[in-house]
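Residue strings, one per chain:
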2 protein chains.
Amino acid sequence: MPNRPNPFAKTRRDHADETAEDYVEAIADIEIASGSCRVKDLAERMQVSHVTVTRILSRLADGGLVAREPYGPVGLTPRGLEMAAASRTRHEIVVAFLERIGVSNATAEHDAEGMEHHASKETLAAMRRFLSRAEDVRPG
Amino acid sequence: MPNRPNPFAKTRRDHADETAEDYVEAIADIEIASGSCRVKDLAERMQVSHVTVTRILSRLADGGLVAREPYGPVGLTPRGLEMAAASRTRHEIVVAFLERIGVSNATAEHDAEGMEHHASKETLAAMRRFLSRAEDVRPG
DNA sequence: TACACTTTGTAGCATATGCTACATTCCCGA
DNA sequence: TCGGGAATGTAGCATATGCTACAAAGTGTA
Ligand SMILES: [Mn+2]
Ligand SMILES: [Mn+2]
Ligand SMILES: [Mn+2]
Ligand SMILES: [Mn+2]
């Protein structure tokens, strides 16, 4: 029953997972880019206050996705790492797909940030198929 | 500046418009399907309690999108009608597009309900182009 | 007409996510 | 080492969206 029979309820469920997915993905990104992730880095990335970040990180820590100690850097648990990897993969598929149908990179990044959370496995599979076919047809 | 320079902020803005867009679209749908739209119809459609619907309708009425009187049916103002038409058009484009890349109708309807709010003009234009081309290529 | 059922409204609670203002801690350079 | 700026934490407020429980209004049928 991945798709219970109401689109609006499904969208609400997608949104309930969205913050966790975006934050763990951002944490992984920032760790890779600059060695360690701080509250401040996330606040800048998300364009919210550090207060909002701190509260959300507490919840993610309670949920076993994030490792936190006061005034320390932000880390990911094994589960957080897993979710980050999956989120990044999905993000990349959606961005690549949008670009392939002719959307500019900037817009693709903007739209994908929201759309990615609503793309079901079936839709992601369709996007992947489309990308593969396009690669088959065009050389390089 | 339709795209201010942060994907997460853009996604939050998309979400801020989402409820209004979905509700006016639903109201228009229900009016067409059954002659008049009641609180109860919306609660069923959205799969939420009638309390949630009532509160949201009050806000939409304050915003000049919805016409309300106590215990009466739910109507749309001219602005509400406009928004409903635009929302429906966009919804149909996204659904048709997903189906065209091979997603089943049920999944397309589910995913589109969330994705539609994040599809920028540029992305919608790309989807439209894709649909037109596909129509050119395949007969019928 | 009267009563029962349905529908809508209201009170009050909960969670998630924003914010500013202020307190505390950390860290680096003098 | 210490003093000040940067980073983080906390208090308290706001909005949006969910809910249940109860109250009030509307509707149809006996
Ligand atoms: Mn995202
Ligand atoms: Mn969304
Ligand atoms: Mn929608
Ligand atoms: Mn819709």
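Whatever comes next refers back to the structure up there.
S.K.: Would you mind showing me how to read the overall build of chain A here?
M.R.: Looking only at helices and strands, chain A has 6 helices and 2 strands in total. Helices and strands appear in chain A in the N-to-C order α-α-α-β-β-α-α-α. Considered along the principal axes of its C-alpha atoms, chain A spans approximately 50 × 40 × 25 Å. Accessible area for chain A stands at about 7,400 Å²; split by element, carbon and sulfur atoms hold 55% of it.

S.K.: I'm lost on the coordination of the manganese ion (ligand 3) in this one. Help?
M.R.: A metal bound by six donors in octahedral fashion has ideal angles of 90 or 180 degrees, whereas one bound by four tetrahedral donors has an ideal angle of 109.5 degrees. Residue and element names in this part refer to chain B. Binding of the manganese ion (ligand 3) to the protein goes through Asp22 (OD), Asp22 (OD), Glu113 (O), Glu113 (OE), Glu116 (OE) and His117 (NE2), at separations of 2.0 to 2.8 Å. Of note is the manganese ion (ligand 3), whose 6 donor atoms meet at the metal with angles of 49 to 171° in an arrangement that counts as irregular. Along the chain, the residues that donate to the manganese ion (ligand 3) are spaced as D-x90-E-x2-E-H.

S.K.: What is the right way to look at the packing of helix H1 (residues 7–34) of chain B against helix H2 (residues 39–46) of chain B in this model?
M.R.: Packed helices, taken two at a time, are described by the angle their axes make and the gap between the axes. Residue and element names in this part refer to chain B. Where H1 contacts H2, the axes come no closer than 10 Å and their chain directions differ by 115°. Note on packing geometry: the crossing formed by H1 with H2 is right-handed. Contact residues: Asp22, Tyr23, Ala26, Ile27, Asp29 and Ile30 in H1; Asp41, Leu42, Arg45 and Met46 in H2. Residue classes in the contact of H1 with H2 are distributed as 6 nonpolar, no polar and 4 charged.

S.K.: What is the right way to look at the protein's contact with DNA strand C in this model?
M.R.: Taken together, 19 residues lie near DNA strand C, and A:Thr19, A:Ser49, A:Arg59, B:Arg12 and B:Arg68 sit nearest. When atoms of DNA strand C within 4 Å of the protein are sorted by moiety, sugar and phosphate together comprise 61%. In the model, a phosphate oxygen of DNA strand C is placed 2.6 Å from a nitrogen or oxygen of the B:Arg68 side chain. Between B:Tyr71 and DNA strand C, the recorded distance is 3.4 Å, taken from a backbone N or O atom to a phosphate oxygen. Contributions of two or more residues to the surface near DNA strand C are made by helix H3 (50–62) of chain A together with H2 and helix H3 (50–62) of chain B. The residue makeup of the surface near DNA strand C, split by class, is 8 nonpolar, 5 polar and 6 charged.

S.K.: Just checking my understanding: could you explain the side chain of A:Thr11 for this structure?
M.R.: Following the sequence through the fold, A:Thr11 ends up in helix H1 (residues 7–34). Excluding its chain neighbours within four sequence positions, the residues that come into contact with A:Thr11 are A:His118, B:Glu18, B:His110, B:Glu113 and B:Gly114.

S.K.: What is the right way to look at unusual backbone geometry in this model?
M.R.: Most peptide bonds are trans, and most residues other than glycine sit at a negative phi. The phi torsion at A:Tyr71 lies on the positive side, around 65°, for a residue other than glycine. Tracing the sequence through the fold places A:Tyr71 in the loop between strand S1 (66–67) and strand S2 (75–76).

S.K.: When you look at the relation of the copies chain B and chain A in this model, what are you seeing that I'm missing?
M.R.: One chain copy maps onto the other through a rotation about an axis and a shift parallel to that axis. Superposing chain B onto chain A requires a rotation of 180° together with a translation of 0.0 Å along the rotation axis, leaving an RMSD of 0.0 Å. As the rotation angle and translation indicate, the two copies are arranged about a two-fold axis. Minimal C-alpha distance to the rotation axis in chain B is attained by B:Met115, lying at 2.4 Å. Here 100% of the interface residues in chain B have copies in chain A that are interface residues too; the copies meet face to matching face.

S.K.: Explanation requested: the pattern of salt bridges in the structure shown.
M.R.: A side chain with one charge can pair with a side chain of the opposite charge if their charged atoms come near. Residue and element names in this part refer to chain B. Applying the stated criterion across every chain, the model contains 12 salt bridges over all chains. Among the ionic pairs, lysine 10 bridges to aspartate 14, the shortest N-O distance being 3.1 Å. Here the residue lysine 10 and the residue aspartate 14 both occupy positions in helix H1, the gap between them amounting to 4 residues, near one helical turn. The class for aspartate 14 is buried, based on a relative accessible area of 12%. The residue lysine 40 makes a salt bridge to glutamate 44 at a minimum N-O spacing of 3.6 Å.

Scoring rules and cut-offs
Residues numbered from 1 in each chain as written. Chains lettered and ligands numbered in written order. Predicted model: local features only at pLDDT ≥ 70, side-chain atom pairs only at ≥ 80, totals over all residues. Heavy atoms only, no water. Helix = DSSP H or I, 4+ residues; strand = E, 2+ residues; numbered from the N terminus. Areas by Shrake-Rupley, 256 points an atom, 1.4 Å probe, with all protein chains shown as cover. Donors = N, O, S within 2.8 Å, 3.2 Å for Na, K, Ca; no water. Tetrahedral: all angles 85-135°; square planar, octahedral: opposite > 155°, others 65-115°. Axes fitted to C-alpha atoms, helices over the stretch in contact; angles between N-to-C directions. Left-handed = near helix turned anticlockwise from the far one by under 90°. Contact = heavy atoms within 4.5 Å. Nonpolar A, V, L, I, M, F, W, Y, C, P; charged D, E, K, R; others polar. Near = heavy atom within 4 Å. Polar contact = N/O pair within 3.5 Å; in protein donor to acceptor, adjacent residues only side chain to side chain. Least-squares fit on C-alpha atoms with pLDDT ≥ 70 in both. Salt bridge = Lys/Arg side-chain N within 4 Å of Asp/Glu carboxyl O. Buried < 20%, exposed > 50% of the residue type's maximum accessible area, 1.4 Å probe, protein only.

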